[in-house]
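Geometric and topological summary
The chain contents come next:
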Amino acid sequence: MADPRRDRAIISRISSWFATSARSLPWRDAPPGERDPYRALVAELMLQQTQVARVIERFGTFVERFPTAADLARADERDVLALWSGLGYYRRAKALHASAKSITDDHDGEFPTDPKAIRALPGVGRYTAGAVASIALGQPEPIVDGNVTRVMLRLDLPEHAAPDAETPLCERDPSDRPVQNWAWSRAGDLATRAHDLQGREPDEVPGGVGGVNEGLMELGATVCTVRSPACARCPVSSLCRAKRAGRQGEVPRPKAGVARVPLFCASVLVRREDGRLLVERRGDEGMWAGLLQAPTLERDDRPPGEGELRDALGVDRLSRVDTFDHTTTHRAVRFDVWTGGPGDGPRRGAWMTREEVEGGALSSAQRRILLRTQAGQPSLF
Ligand code: SF4
């Protein structure tokens, strides 16, 4: 059973710490509970599986170009993907675009305030809905991500076992379902208590539920980190059970390794006499859907060879110039980069200028290949 007095102290200290110590980020342009939910949705979708530094680079340009859901709903999908370029996981950009259309068509252009309606937007899951509802709109909804799970496991050190096994929750992989069920339930308790406390003693909960939720995430990202929790500057150190037991370094248990399926890609850089490069657009399904790339062959079992490239693409004078590894959530991709001549006329792709390629939607791997963005790589343009 949670101790209400301890929870009140956790809520108060985390929200007060967040109000004074949070990093200044472009999407934190107002206190929690007073933000534009559309901008909050853009930020949350960009931040999924993408580093904060990269989102900082892209967020301002995106919301400047599409300041409202209505602006985004009217946009051509290629423009949306182009502005998402470099953030990866382009399915999120398509979901955001579809969400903007749903807000326009199904909600008369008003961002929905009911958490269930937010969650019904395309591509919006439990975490994103909770984040927008609590951080932008101040609703008593929980959010749980890896950072929040880690902070709460250390704070509470839940020693009880899940029904399906004897291992205590604090010793299990944090992504296990029983641990996640516990984390969502615990975060839900804190959100409800924070909302109630804000109604009675608003000064004790700066930023309300959003301040607590964002504070938990911030604490996990900057203080209670995976490898070296900085307990000396943690606002809840005197309430932390893992610290008291000297176990903050061993909780949570490291996640089991993710097995990625191999994929071999061979991309060919072909330059015409006027300086244009040969570029093709990927299909609408699967990985990197709809993005631009140098003509590329893919195989699951081995790298595509020179003869296959020549036959499939209709190019000649092939020479391999680079090889690098790239990982996605599910795949370990080995890229071979070739240069080649146009032969009697390539069978795939269209000729594009550097400006057209730079302005198009590219995965980070193809940005490296087409624009040769790595140090020491001569550009073909
Ligand atoms: Fe994390 Fe240490 Fe704070 Fe506990 S005291 S929540 S382990 S930083």
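Quick summary incoming for the structure in this document.

What counts, and where the lines are drawn
- Residues numbered from 1 in each chain as written.
- Predicted model: local features only at pLDDT ≥ 70, side-chain atom pairs only at ≥ 80, totals over all residues.
- Heavy atoms only, no water.
- Helix = DSSP H or I, 4+ residues; strand = E, 2+ residues; numbered from the N terminus.
- Buried < 20%, exposed > 50% of the residue type's maximum accessible area, 1.4 Å probe, protein only.
- Contact = heavy atoms within 4.5 Å.
- Areas by Shrake-Rupley, 256 points an atom, 1.4 Å probe, with all protein chains shown as cover.
- Lys, Arg positive; Asp, Glu negative; His and termini not counted.
- Charge placed at Lys NZ, Arg CZ, Asp CG, Glu CD.
- Near = heavy atom within 4 Å.
- Nonpolar A, V, L, I, M, F, W, Y, C, P; charged D, E, K, R; others polar.
- Pairing = 2+ DSSP bridges.
- Axes fitted to C-alpha atoms, helices over the stretch in contact; angles between N-to-C directions.
- Core = buried A, V, L, I, M, F, W, Y, C linked by side-chain atoms within 4.5 Å.

Overview of the overall build of the chain
Assigned secondary structure in the chain consists of 15 helices and 7 strands. Projected onto its principal axes, the C-alpha positions of the chain cover 80 × 50 × 35 Å. The burial tally for the chain puts 49% of its 381 residues in the buried class. Looking at the chain alone, contacts between residues at least 24 apart form 67% of all its contacts between residues at least 6 apart. Looking at the chain as shown, the accessible area adds up to about 18,200 Å², and 46% of this sits on carbon and sulfur atoms. The centroid of the 54 positive side-chain charges in the chain is displaced by 4 Å from the centroid of its 53 negative side-chain charges.

Let's talk about the site of the ligand
Residues in close proximity to the ligand include Arg154, Cys224, Pro229, Cys231, Cys234, Ser237, Cys240, Lys243 and Gln248, which together make up its full environment. In terms of residue class, the shell around the ligand is made up of 5 nonpolar, 2 polar and 2 charged.

Describing the sheet that holds strand 6 (residues 331-341)
The strand order across the open sheet built from 4 strands is 4-1-6-5, with neighbouring strands paired in mixed fashion. Taken across any chain shown, the strands that pair with only one partner, and hence form the sheet edges, are strand 4 (296-299) and strand 5 (316-327). The sheet shows a mean angle of 20° between the axes of neighbouring strands, direction not considered. With 10 bridges joining them, strand 1 (residues 261-270) and strand 6 adopt parallel strand pairing. By the bridge assignment for strand 6, Pro262 is matched with Ala332. This element, helix 13 (residues 306-313), spans strand 1, strand 4, strand 5 and strand 6 of the sheet and lies at about 130° to strand 4. Sheet strands in contact with helix 15 (residues 364-371) are strand 1, strand 4, strand 5 and strand 6, and its direction is about 145° off that of strand 5.

Some points on the nonpolar core
Ranked by internal contacts, the top residues of the largest apolar core, which has 57 residues, are Phe62 and Trp84. At 7 residues, helix 2 (residues 37-47) tops the list of elements feeding residues into this core. In this structure, Ala131, Val148, Val179 and Leu239 belong to the second largest nonpolar core, which totals 41 residues.

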